[in-house]
Structures are given as C-alpha cells and as structure tokens.
Amino acid sequence: MYDVPRQDLTEFLQALIRIPSVNPPGNEEAVAELIAAKLRTLNCDVTIVDSEPGRPNVVAHWAGSGQGNTLLLNGHMDVQPAGRNWIHDPFGGEIEQTRLYGRGSLDMKAGLAAMIYAVETLQRTRVRLAGDLVLAIVADEVSGGHKGTGYLVRQGLLHADMAVVCEPTGEKVNVAHRGCVWMEIEIHGRSAHGGRPWLGVNAISKMGRVIRAIEDELTPSFRERTHPLLPSPTINLGTIEGGTKFNLVADHCLLQLDRRLIPGELAAAAVKEIEDVCATVLAADTEQFRYEVREVMHVDPAEISPEAPIVRECRRAFRDVTGQEAGIGCTAGFEDAHFLLKAGIPTAMFGPYHRERESNAPFFTTSGMADEFVDLPEVFVGTEIYARLIQNLLS
C-alpha cells in the first residue's frame, strides 16, 4: 500500500536508541535536535519548547489546506534506566535477525520513528492534506510527563480535534491507562550504640512493620477494586535506605513506593491510606517514633469510550493495512493520554507493534527489562498504519 523507506527508518531508529536519553535526568536534548532536523527536511514547521533548561519538547506542524480537522500524534523521547543483565549493548541499537535491541527501542523510540516516517512516506506519495497534522514529541513521560505533554498542555500549546499517543499496543487500540502516585515514607527513630540497642529506636525496624502492614493488610484489599479492562490497584516498593553504620541504631529510614490507580481512585485518598497504615503501626508500638508520608508526583488514570471516533479510526487504519481487526485493550502503566483528555482532546493509545511475547504473565512486555527489543517488520507495518490513519482523517 505504501512504500516505507525501511533502511532509512531502521538507521534513524538506531540513531535514536544510541542517544541515552535516560530519565532521570532526561538528557533529551540530542534526541530533540535529531528529530527536529529530520522534521525540517520534511517541510514541517518545527518549534522546540523547553519546559526547563535541558528538557526540550518538539512540536511540529504539517499544515493542510485549512479545510479539515487537526490530528495530534504524541510520543516521548525519554527512556528508563538500562539496569543490569543485558546481553546486548543497551545503547548500541544492535540488530539480530529481525529484532532491534536497546533501551527505549520498544518504549517508545520505535513509535517516534514510525510517526516521523509516516509523514515521509505520505510526502513521497505526494499526498495533500486538508486538515493539519501535529507531532508532539516530548520529554519526561517515564517520570510522569509533567515537563513534557503536561507542560505543553498547561501552556496552551497543543490544540487538536483528536489525538493518538503512539505507545506500543500491538494488535489492540488501548482506551484506558492506570494512574499512579509516587510517595515517600520517612521514619525518624533515635540513634544509639549498636552494643546498647535498647537505648535507641530503630527506624529500619519500624519501616519493616509498615511494609508488612502494607503487604499483609492494605494490598489484599485492592483485589476488590476492579475495572472492566485494567488490572486492580497495586503497590511497588521501589527503593529503601536508612541507617548510618553497622554498629549504630538507625535513626532514619526512607521508603519510596509507587501506587497504581484505576479510574475512580484519587491520589489524595491513596496517600491517606498509607498515612493510616503508618498511624496504625505507631499506635500498636510500645516505642515512639515519627513518620512522614509525602506525595512526590501523581498521574491521573484515564479512559475513553471504545466507541469514540478516534478509536474507530485507529481500528479502521489497522484493518485497511493488515486486513485484520484490532481489539480493544488497556495498559497497566501510565501514559500521557490523561493530559490530552483533560484538555478536551479525544485520545486513543495506539502503537501497532507488539508488547506481548512468549509469556503467560498478564500485560507482559520487554519495556523496562534487560534486552528490550522491537521487531522491525512490525515497525514498518506500524508506519504504514499511521500513514493510513493520517490519510483517512486529513486528506
């Protein structure tokens, strides 16, 4: 249907992966410069908007004749830390058979490449647009998106009749994502010599009791909170640190946790639940200690009707290119769709390359794992599908 420049696309995706735009701290500048330069060769009107120094967002417009709607495609440049136990270089862009490996290959530099090369593919076929296409290529998504899509929305810089967040969804169009609250629990005890621990109050020990209460009492209650598509709420204990030395009673301990929300849950209520757990543990203890619970960041959950026009159009484009029907799905993670939906822009999540692999685990994905990869043939087909979506809606 379309003549996608596969070699050029592959090399561009490799170049994106070889820039380690790890968040934190972000380091998206070199990615933004590469993408902006490419989009300028496609005669797009390109603006780079910094939310703060070193945190750029690329907003590009491919203008039509002014006689149609505006479609927004959204994707993020930042990636998760590589972590350990890789066989392939996490920033090498190595290809083995049809798989392209690297941190961010799946989540979601493949989506960025597909968005951009859908534009190039259409321009090579001399397609003329009636409506306008906007590409918002953003910073900070993996840490909440507040310096990326959230910033652009708050500044009033994104306007569209409909939008697609181009995260990987495979043979489905996603219509819901969970939210999250990042929290810190800090416990203050009292220091003493390790030979006389009874003179101190051990903050690590008290945190252990809080963790047990979270896992044994709070988390099981989440099973009763359900959503037609999304998994129930969860808590992940992300980092813990405390104490000073082997032979000193720890007078402080800090736990960072990630609480996932389903639609209908509020961040403030999730924080209150953790505060209540800490208060219960303190009340049952014979020693006195202090605790603080702090919200660090939150992302709201979001959903759109499976019957929304943008969802139907994503499914139509998938069918036009593949001859198959796309299902309706969701993601257990969080994405930037909620910012756009709050701004009144109907938004679907659709990246027609696979997340699921040979695993029985629900919502399995190599995103965030060692040896993250994407299958190149799926990226090529995904590029065709985006091209079809743009042409269906705007030409």
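For the structure given in this document, a descriptive report is provided here. Predicted, not measured: the structure shown is a model, and the values here were computed from it.

Calculation criteria
- Residues numbered from 1 in each chain as written.
- Predicted model: local features only at pLDDT ≥ 70, side-chain atom pairs only at ≥ 80, totals over all residues.
- Heavy atoms only, no water.
- Helix = DSSP H or I, 4+ residues; strand = E, 2+ residues; numbered from the N terminus.
- Rg over C-alpha atoms; globule rule 2.2 N^0.38 Å.
- Buried < 20%, exposed > 50% of the residue type's maximum accessible area, 1.4 Å probe, protein only.
- Contact = heavy atoms within 4.5 Å.
- Areas by Shrake-Rupley, 256 points an atom, 1.4 Å probe, with all protein chains shown as cover.
- Lys, Arg positive; Asp, Glu negative; His and termini not counted.
- Charge placed at Lys NZ, Arg CZ, Asp CG, Glu CD.
- Pairing = 2+ DSSP bridges.
- Axes fitted to C-alpha atoms, helices over the stretch in contact; angles between N-to-C directions.
- Salt bridge = Lys/Arg side-chain N within 4 Å of Asp/Glu carboxyl O.
- Polar contact = N/O pair within 3.5 Å; in protein donor to acceptor, adjacent residues only side chain to side chain.

### Considerations on the overall build of the protein chain
Here is step 1 of the chain: Helix and strand counts for the protein chain stand at 9 helices and 16 strands.
Here is step 2 of the chain: Taking 21 Å as the expected radius of gyration for a compact globule of 395 residues, we find that the protein chain reaches 23 Å, a close match to that expectation.
Here is step 3 of the chain: Its C-alpha atoms put the protein chain at 80 × 40 × 40 Å along the principal axes.
Here is step 4 of the chain: Each of the 395 residues in the protein chain was classed as buried or not, and the buried ones make up 55%.
Here is step 5 of the chain: In the protein chain, the proportion of contacts linking residues at least 24 apart, taken out of those at least 6 apart, comes to 80%.
Here is step 6 of the chain: With an accessible surface of roughly 17000 Å², the protein chain has 49% of that area assigned to carbon and sulfur atoms.
Here is step 7 of the chain: Taking the average place of the 37 positive charges on the side chains of the protein chain and the average place of its 53 negative ones, the gap between the two points comes to 2 Å.

### Looking at the sheet that holds strand β16 (residues 373-375)
Here is step 1 of the chain: Strand order across the open sheet formed by 3 strands is β4-β5-β16, with antiparallel pairing between neighbours. Two strands in the sheet have a free side with no partner beyond their single neighbour: β4 (95-96) and β16.
Here is step 2 of the chain: Alignment of β4 against strand β5 (residues 99-101), held across 2 bridges, turns out to be antiparallel. By the bridge assignment for β5, I95 is matched with L100.
Here is step 3 of the chain: The sheet contacts of helix α1 (residues 6-17) involve β4, β5 and β16, and relative to β5 the element is tilted by about 25°.
Here is step 4 of the chain: Set on the sheet, helix α9 (residues 376-394) makes contact with β4, β5 and β16; between it and β16 the angle comes to about 65°.

### What to know about the side chain of T10
Here is step 1 of the chain: Its place among the elements puts T10 in helix α1.
Here is step 2 of the chain: If we skip the residues at most four places from it in the chain, T10 touches I95, L376 and F380.

### Some words on the pattern of salt bridges
Here is step 1 of the chain: Overall, the coordinates contain 23 salt bridges when judged by the stated rule.
Here is step 2 of the chain: Its salt-bridge partner being D140, residue R55 comes within 3.6 Å of it at the nearest N-O pair. Pair noted here: R55 is in strand β2 (residues 55-62) and D140 is in the loop between β6 (132-138) and α4 (149-154), with a separation of 85 residues, a long-range link.
Here is step 3 of the chain: Owing to a relative accessible area of 5%, R55 belongs among the buried residues under this scheme.

### A few points about the pairing of strand β8 (residues 172-177)
Here is step 1 of the chain: Of all 6 residues in β8, 5 are buried; the element is thus mostly enclosed.
Here is step 2 of the chain: Judged from the 2 bridges that link them, β8 and strand β13 (residues 302-303) form a sheet pairing that is antiparallel. The residue of β13 that forms the bridge with H177 is A302.

### Some words on the environment of N23
Here is step 1 of the chain: Position of N23 among the secondary structure elements: in the loop between α1 and α2 (29-41).
Here is step 2 of the chain: Along the primary structure N23 and D140 are separated by 117 residues, whereas in three dimensions their C-alpha atoms are 6.8 Å apart.
Here is step 3 of the chain: Residues contacting N23, with those up to four places away along its chain left out, are R55, D78, V79, Q80, P81, D140, V142 and S143.
Here is step 4 of the chain: Here D78 takes part through its side chain, which lies 2.9 Å from a polar atom of the side chain of N23.
Here is step 5 of the chain: Within the structure, the side chain of N23 is placed 3.4 Å from the side chain of S143, a separation counted as a polar contact.

### With respect to the sheet that holds strand β11 (residues 252-261)
Here is step 1 of the chain: One open sheet accounts for 4 strands, arranged β10-β11-β9-β12; its pairing is antiparallel. A single partner strand is all that each edge strand has here, and the edge strands are β10 (234-242) and β12 (290-299). In this sheet, neighbouring strand axes are inclined to one another by 20° on average, regardless of whether the strands run parallel or antiparallel.
Here is step 2 of the chain: Pairing of strand β9 (residues 179-188) with β11, which is carried by 10 bridges, proceeds in the antiparallel orientation.

No statement about biological role is implied by the geometric values presented.
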